[in-house]
Amino acid sequence: MEALVTSLGMVAFAEMGDKTQLLSFVLAARFRGQHWPIIAGIFVATIVNHALAALAGDWIAAKVSPDVLRWILGGAFLAFACWALIPDTLDESEQHTAKYGAFLTTVVLFFIAEMGDKTQLATVALGAKYASLIAVSMGTTLGMMAANIPAVLLGETLAKRFPLSKMRFIAAALFAIFGVMILLEVNLGLGLL
C-alpha cells in the first residue's frame, strides 16, 4: 500500500505542468468532445510505459548493492527536484495529430512523450525502491491519470485555477524531501525507507 500511495502522490504532483499534461490539453483541444478515447489512450500508454519502467527499476535494484542504490536513488530524487522546477513545453512535432483517431493518436503520442520524462524516470527509481512492481505501476499510473483526466476534461479553466508554476514547486519539494530521506536513511515509522 505504501508503494502505491507514494508512487501516486509523487507522480501526480510531478505531472503538473509536465509535457504530457500539456499534451493532454492539446489532444483535448484537437479532438473536442472525445474525452473518453483520449483518457483511455492516456491510461493504456501510461500503464505499459510505467510497468516497463518499474520493471527496469526492479532489475537495477537486484544488480546494485543496497548502499550504492541508496546513493543513486537519493541523488536521482534530488535531480528530479531540480528538474521539476523547469517548465516543460511541447515540441512542434508533438502537436501534430494523425488521421488515426483520438484513442490511437493519444496512445502513440503519450507513450513517446513519456519516454525519458521525469515521471518515467521517477517510476524507474520507485521500482528500484519498492519490491511491489504492481503497486508502483498502479500508483504511478493513477498519479498520471489524476493529473491528466482533469486536463482533458477541464482544459484551460483548470490551468487558470491551479497555477502550474506553484505545482512545480510542490513536486520539487516532494522529490527533494524523498531524496534527502533516502540519503539520510530516515524512517519516520511509516516504513518509507
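Parameters and conventions
Residues numbered from 1 in each chain as written. Predicted model: local features only at pLDDT ≥ 70, side-chain atom pairs only at ≥ 80, totals over all residues. Heavy atoms only, no water. Helix = DSSP H or I, 4+ residues; strand = E, 2+ residues; numbered from the N terminus. Buried < 20%, exposed > 50% of the residue type's maximum accessible area, 1.4 Å probe, protein only. Contact = heavy atoms within 4.5 Å. Areas by Shrake-Rupley, 256 points an atom, 1.4 Å probe, with all protein chains shown as cover. Core = buried A, V, L, I, M, F, W, Y, C linked by side-chain atoms within 4.5 Å. Patch = residues over 30% accessible without salt bridge, like charges linked within 9 Å, V, L, I, M, F, W, Y side chains within 5 Å. Salt bridge = Lys/Arg side-chain N within 4 Å of Asp/Glu carboxyl O. Expected span 1.5 Å × (residues − 1). Polar contact = N/O pair within 3.5 Å; in protein donor to acceptor, adjacent residues only side chain to side chain. Axes fitted to C-alpha atoms, helices over the stretch in contact; angles between N-to-C directions. Parallel < 35°, antiparallel > 145°, perpendicular 65-115°, else oblique. Left-handed = near helix turned anticlockwise from the far one by under 90°. Nonpolar A, V, L, I, M, F, W, Y, C, P; charged D, E, K, R; others polar. pLDDT = per-residue confidence, 0-100.

Re the overall build of the protein chain
Along the backbone of the protein chain there are ten helices and zero strands. Sequence-ordered secondary structure for the protein chain, helices as α and strands as β, is α-α-α-α-α-α-α-α-α-α. Across the 193 residues that make up the protein chain, the buried fraction comes to 47%. Taking the contacts inside the protein chain whose residues are at least 6 apart along the sequence as the reference set, 88% of them involve residues at least 24 apart. Accessible area of the protein chain: about 9,400 Å², with a carbon and sulfur share of 72%.

Side note on the environment of Phe43
Position of Phe43 relative to the elements: it lies in helix α3 (residues 35–63). Residue classification places Phe43 among the partly exposed positions, given a relative accessible area of 40%. Remark: the alpha-carbon pair of Phe43 and Thr141, spanning 98 residues in sequence, is separated by 7.1 Å. For Phe43, the residues in contact, after removing those within four places along its chain, are Thr141 and Met145.

Regarding the nonpolar core
Membership of the largest hydrophobic core comes to 22 residues, with the highest contact counts inside it found for Phe77, Phe80, Leu126, Phe175 and Phe178. In terms of residues, this core owes the most to one element, helix α4 (residues 66–84), which gives six residues. The next biggest cluster of nonpolar side chains, apart from the first, holds 16 residues, and it includes Ile39, Ala45, Leu109 and Val152.

Overview of a nonpolar patch on the surface
A contiguous nonpolar patch, built from Phe43, Val44, Val48, Leu52, Leu55, Tyr100, Phe103, Leu104, Val108 and Ile112 and spanning about 910 Å² of accessible area, is present on the exposed surface. Going through the elements one at a time, α3 and α6 (101–114) are the ones with two or more residues in the nonpolar patch. Residue contributions to the nonpolar patch peak at five residues, all from α3. Following the sequence through the fold, Leu104 ends up in helix α6. Relative accessible area serves as the criterion here: at 42%, Leu104 is assigned to the partly exposed category.

Describing helix α7 (residues 118–129)
Compared with the 16 Å implied by 1.5 Å per residue over twelve residues, the 16 Å span of α7 between its first and last C-alpha is a close match. Three or more residues of α7 are buried, namely Lys118, Thr119, Gln120, Ala122, Thr123, Val124, Ala125, Leu126, Gly127 and Ala128.

Details of the side chain of Glu114
Along the chain, Glu114 falls in helix α6. Among the residues examined, Glu114 registers a relative accessible area of 1% and is labelled buried. Only 2.3 Å separates the side chain of Glu114 from the side chain of Thr119, close enough to count as a polar contact. Leave out the neighbours within four places in its chain, and Glu114 touches Thr20, Asn49, His50, Thr119, Gln120 and Met144.

Description of the packing of α7 against helix α8 (residues 133–154)
Running from N to C, α7 and α8 point in directions that differ by 155°, and their axes come no closer than 10 Å. The angle between the axes of α7 and α8 places the two elements in the roughly antiparallel class. The crossing of α7 and α8 is right-handed. Touching Thr119, Thr123, Leu126 and Gly127 of α7 are Leu133, Val136, Thr140 and Met144, all from α8. A class-by-class count of the residues in the contact of α7 with α8 yields four nonpolar, four polar and no charged.

So, helix α2 (residues 19–30)
For α2, with twelve residues, the first-to-last C-alpha span of 16 Å sits near the 16 Å given by 1.5 Å per residue. All of the buried residues in α2 are Lys19, Thr20, Gln21, Leu23, Ser24, Phe25, Leu27 and Ala28.

Considerations on the confidence of the model for the protein chain
Caution is warranted with low-pLDDT regions, since their predicted coordinates should not be read in detail. Of all residues in the protein chain, 81% attain a pLDDT of 70 or more, and the chain-wide mean is 80. Residue range residues 188–193 is modelled with pLDDT below 50. Its contacts to residues more than four positions away, or to other chains, number 16 contacts.

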